[in-house]
Amino acid sequence: MAEPDPQPMASGTGQRLGAPDTLGISTLDPGHKPPAMPPGRHVTIRVRMLDDTEELFDISQKSTGKVLFDLVCSHMNLIEGDYFGLEFQNHQKMMVWLDHIKPIIKQLRRPKHTILRFAVKFFPPDHAQLLEELTRYLFALQIKQDVSCGRLTCNDTSAALMVSHIIQSEIGDFEESQCRSHLLNNNYIPEQMPMIDKIMEFHSKNIGQTPAESDFQLLEVARRLEMYGIRLHPVSYCSSLQGHTKINAFNWSKVRKLSFKRKRFLIKLRPDLNNSYQDTLEFLMGSRDCCKVFWKICVEYHAFFRLFEEPKPKPKPVLFTRGSAFRFSGRTQKQVIDYVRESEFKKIPFERKHSRVQHNIRLSPLPSPRHHEVSAEVSGFSASTKGSHYGHYVVLPFTQQKAEMAPSVVLNSPHPSASSGHSHGMVNGQKSLELCSYSPDGRQPSPLTSPLLNDAGSVRTDDEDDVRRKRFPTDRAYFIAKELLTTERTYLKDLEVVTSFQSAVGQDEATPDSLKNTVLSTFEPLHKFHAGFLREVEQRLALWEGRSNAHIKGDYQHIGDVMLNNLQGLKPLTANLHKQSEVLLELEKACRASRRLEGLCRDFELQKVCYVPLNVFILRPLHRLSHYKQILERLCKHYPATHGDFRDCRAALADVSEMVEQLQGSLIKMENFQKLLELKKDLIGVDNLVVPGREFIRLGCLSKLSGKGLQQRMFFLFNDVILYTSRGMMGTNQFRVHGQLPLHGMTIRESEDEWGVPHAFTLVGQQQSLVVAASSLMEMEKWMDDIQGAIETVKTSKGPSSDLLTCSLIDNKCPEDSLVEAESEDDITASHTSLERSSPHRGNTMVHVCWHRNTSVSMVDFSLAVENQLSGNLLRKFKNSNGWQKLWVVFTNFSLFFYKSHQDDYPLASLPLLGYSVTVPSESENIHKEYVFKLHFKSHVYYFRSESEYTFERWMEVIRSATVPSISARVRNGKESHPH
């Protein structure tokens, strides 16, 4: 019987993995010398690059494929080389990937006459995983080739939109005659002529896009296409499977084993409870070699996307071998993530071969370890798939569990040359600080390399520190009073941020008088009062330390009288504290009414002085009262009843407790309102988020399980609905909403055994169900407890009356979240329209930290974080450094902010603490000093040294509150009090 006609079978990712906004890895560190080659005969290898040039590499024939590949990556200064490979046509005329383990002499029969092609091997479904601009540029070149040769098929709209981004990168902004001439002289897609007008129409809307942004937009369009990242291999069904009509996709959790026997490729599936399909699928390929090549590709994709680390080599058999010894060689995607997160690379400039746009590119000669020969001939090995019959095919989803992300440390450079060059108004009587400049990939340099943080002038010797310490009092009450002083300094600076905001936007005609009057009447009196309070505290501490007026005799070693007098003076101003909600409401209403004012507020919030969201500063006066209460409670606990300062402290505590109690109810509501406003700025594609009755409960990362595997998503839990989102366009740093699950009628159950995915649980809604997986058992318990509690509450309470999402959600829906994965013009153009709406946004909010660290935080955690603020001087030491460095450190909003001194207007750097552990150094670490605590996250280690036992305990306490978020968050309807 004649064999059935072979049909193409697809291999590739075939899915869109979600992942952090930054990902990538190098096979070689930048500047790393190429690996030493073994002795032997050398041969010159020709490699065709993605920009159509050819490079020559001299290498020993006995060298492994990895040595050659590392040379290629080193030549290009490519950090994220693990996504690429070298492919060539073997003696059987099949295109195969160069094996990294085998010697070159065993793979290339005629090396001098073989051209290797540098190409993308692993297509990450989310291009935001690509960290470096060079990597995205190479991916864009790959997409350009695939579209040109017809391998990446799509409809006309998609093709025109992709070409518009390509020519934007190459010739810059739209100019009609130039654009038309360029398209007539350059062919980007088959049958381009009829589509020139459509391409020009899209190009005219790309004005202002840099080449880097154009690459990003091109990949955004390409990743939505059905054939993105997929290669076709001829295959036909075996006779045992003639009853099957089509196989679309398998989740890896359902695949038990992949194997091949001669020409048969076998997929063994896990048993199905419903018995809806056979447990083994067989496909007949053209030859055994074709079958083995395809099996190797499957093994590599599975290992790269699913395994946590590189598979170990099998032990050599003693007598005889059975089966193939092939294994994946290289880093897995998890190792890629971990390596890049824990490493710092110097950005190396590169040249875009086809681009005339140079305004945003630093050009310099690329260091070339080998000679160059430019080839004008384009490799023609890729046969066009246009018009071919795909028939039956299998798309294998190669995914992995989302790995925990390493720390992201944000640095604001204080040098004018490093700023973005924008200036907005006046801040603190000086010219407004420049906006933080965010690179397209959102990556910021680490404070570990900051010249200001490593200034030798700020390093104190141990002897000098000991002398200073001996001069100061050692009483615990003194250090409690000193905490009042240090935190009051920070609080006054925070008030100055709000008053400077009033000065910056108050002069603009777009600012309504009601907002000006509300801010002025609230914060000006508070700033004036606390400036006087701070002076009194400073004077009292100076007397306590004996640093001034030493000739005056008297007992000045107490602080209760200063606090009592000032808290009584603060009482008349508490009426203004009730107006904080009015300030938030007025500001929100004014920004909605005026796009210009919204832009002014956004620009101010991007300034270095505004180190946390502006709304957080507005609520600072309410939180400060709680701080006073905590300080007085510690003093009263420390003093015996007979102490002279005890009576004043107790009276002051009674006054401030009364004020806190009066404001507590409104504080909980205002914190929730502030958090909703903050989340509104983080999200794209959601309307009416801030409505009466809606309460925020928890946000964080979960992996969503679909037919194509696990994809990273950011989930937001409210008291009436769950939103799930993914990282949005690179220019906005925002998250795009994919869908919503109303809590009404929802049920939740654990489903780890059902799906074979650790820490998985299922959300069953009335119209839709989701299977999600947490990063750990503790994270799963937090989410399930909070969701179950919200479900129970929604049964008995009336939630928000407004609908949460509008039709804007439809354009943002990604293919993997759709029930029908059909490509439409609306889907393809969504990325373009979102670019038109894009605007700068803070890239270091808690949402982004949770995304990078793969964790979650609750509203209880947020409330606890603002109540546990702390500031003061600390000595810092790195793991391998010798001296201790004195810094002014502020803890707030789950982060440490570093300053040279308390007089500085803005922090030099910040360190988000989620995911870190705080401990005491062990003896083996040779830290022979008192009051030292250690911050540790993977390979990142910092030592901090405080001045007393009390300050050591306080820093440990507040940092633990950020590094170990609460197990449960059940702030519902303002009925539960916040833990202290």
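Once a new chain begins, its residue numbering starts again from 1 and follows that chain's sequence as written. It should be noted that, the model being predicted, local features are given only for residues of pLDDT at least 70 and side-chain atom pairs only at 80 or more, the latter also being counted only at that level, while totals for whole chains, interfaces and linings use all residues. Processing note: side-chain calculations cover all non-hydrogen atoms of the structure and skip hydrogens and water entirely.

An unreviewed UniProt entry annotates the chain as FERM, ARHGEF and pleckstrin domain-containing protein 1 originating from Cyclopterus lumpus.

S.K.: Looking at this model, I keep getting lost on the nonpolar core. Mind explaining?
M.R.: For soluble globular proteins, the rule of thumb is that nonpolar side chains tend to be buried together. In this structure, Ile559, Leu625, Tyr628, Leu632, Leu635 and Val656 are the most contacted members of the largest nonpolar core, which totals 76 residues. Working definition: helices are DSSP H or I runs of at least four residues, strands are E runs of at least two. Numbering for both runs from the N terminus. The dominant element in this core, judged by the number of residues it contributes, is helix H10 (residues 476-506), at 14 residues. Residues within four places of Ile559 in sequence aside, it is in contact with Ala481, Leu484, Arg540, Leu541, Trp544, Leu635 and Asp645. We define a nonpolar core as any set of buried Ala, Val, Leu, Ile, Met, Phe, Trp, Tyr and Cys residues linked to one another through side-chain atoms lying within 4.5 Å. The buried label goes to any residue with under 20% of its type's maximum accessible area, the exposed label to any with over 50%, and the partly exposed label to all in between, with areas taken from a 1.4 Å probe on protein chains only. Here, residues are in contact when the closest pair of their heavy atoms is within 4.5 Å.

S.K.: Could you clarify how one ought to interpret the packing of aromatic side chains in this entry?
M.R.: What characterises a pair of aromatic rings is the spacing of the ring centres plus the angle enclosed by the ring planes. Any two of the Phe, Tyr and Trp rings considered here, Trp counted by its six-membered ring, make a pair once their centres fall within 6.5 Å; the pair's planes then place it as stacked at under 30 degrees, edge-to-face at over 60, or tilted in between. Enumeration over the complete set of coordinates arrives at 30 aromatic pairs. Geometrically, the ring pair formed by Phe84 and Phe118 is stacked, given 5.0 Å between the ring centres and 15 degrees between the ring planes. Here the residue Phe84 occupies a position in strand E4 (residues 84-89), and Phe118 occupies one in strand E6 (residues 115-120), the gap between them amounting to 34 residues. No difference in accessibility class separates Phe84 from Phe118, as the two residues are buried.

S.K.: Can you help me understand unusual backbone geometry in this one?
M.R.: Most peptide bonds take the trans configuration, and most residues that are not glycine carry a negative phi. With a phi close to 75 degrees, Asp52 is a non-glycine residue in the positive phi region. Of note, Asp52 is situated in the loop between strand E2 (42-48) and strand E3 (54-60).

S.K.: What should I look at first to understand the state of the cysteines in this one?
M.R.: Among covalent bonds in proteins, the disulfide is the one between the sulfur atoms of two cysteines. Defined by distance alone, a disulfide is two cysteine sulfur atoms within 2.5 Å. On inspection of all chains with the given rule, the structure shows zero disulfides. Unpaired in this structure, Cys591 has its nearest cysteine sulfur neighbour in Cys601, at a distance of 3.7 Å. The class for Cys591 is buried, based on a relative accessible area of 15%. With no disulfide partner, Cys636 has as its closest neighbouring cysteine sulfur the one in Cys649, 5.3 Å distant.

S.K.: Even after reading the chapter, I still don't get a positive patch on the surface, so can you show me in this structure?
M.R.: Patch definition: residues above 30% relative accessible area lacking any salt bridge, with like charges linked at up to 9 Å and the nonpolar side chains Val, Leu, Ile, Met, Phe, Trp and Tyr linked at up to 5 Å. The accessible surface values rely on the Shrake-Rupley method and a 1.4 Å probe; as for residues, cover is taken only from the protein chains in view. The working definition used for a salt bridge is a side-chain nitrogen of Lys or Arg within 4 Å of a carboxyl oxygen of Asp or Glu. As used throughout, the charge tally considers Lys and Arg to be positive and Asp and Glu to be negative, leaving His and the chain termini uncounted. Each charge is placed at NZ for Lys, CZ for Arg, CG for Asp and CD for Glu. On the surface, a cluster of positive charge is made up of Arg256, Lys257, Lys261 and Arg270. For Arg256, the position within the fold is in strand E8 (residues 255-261).

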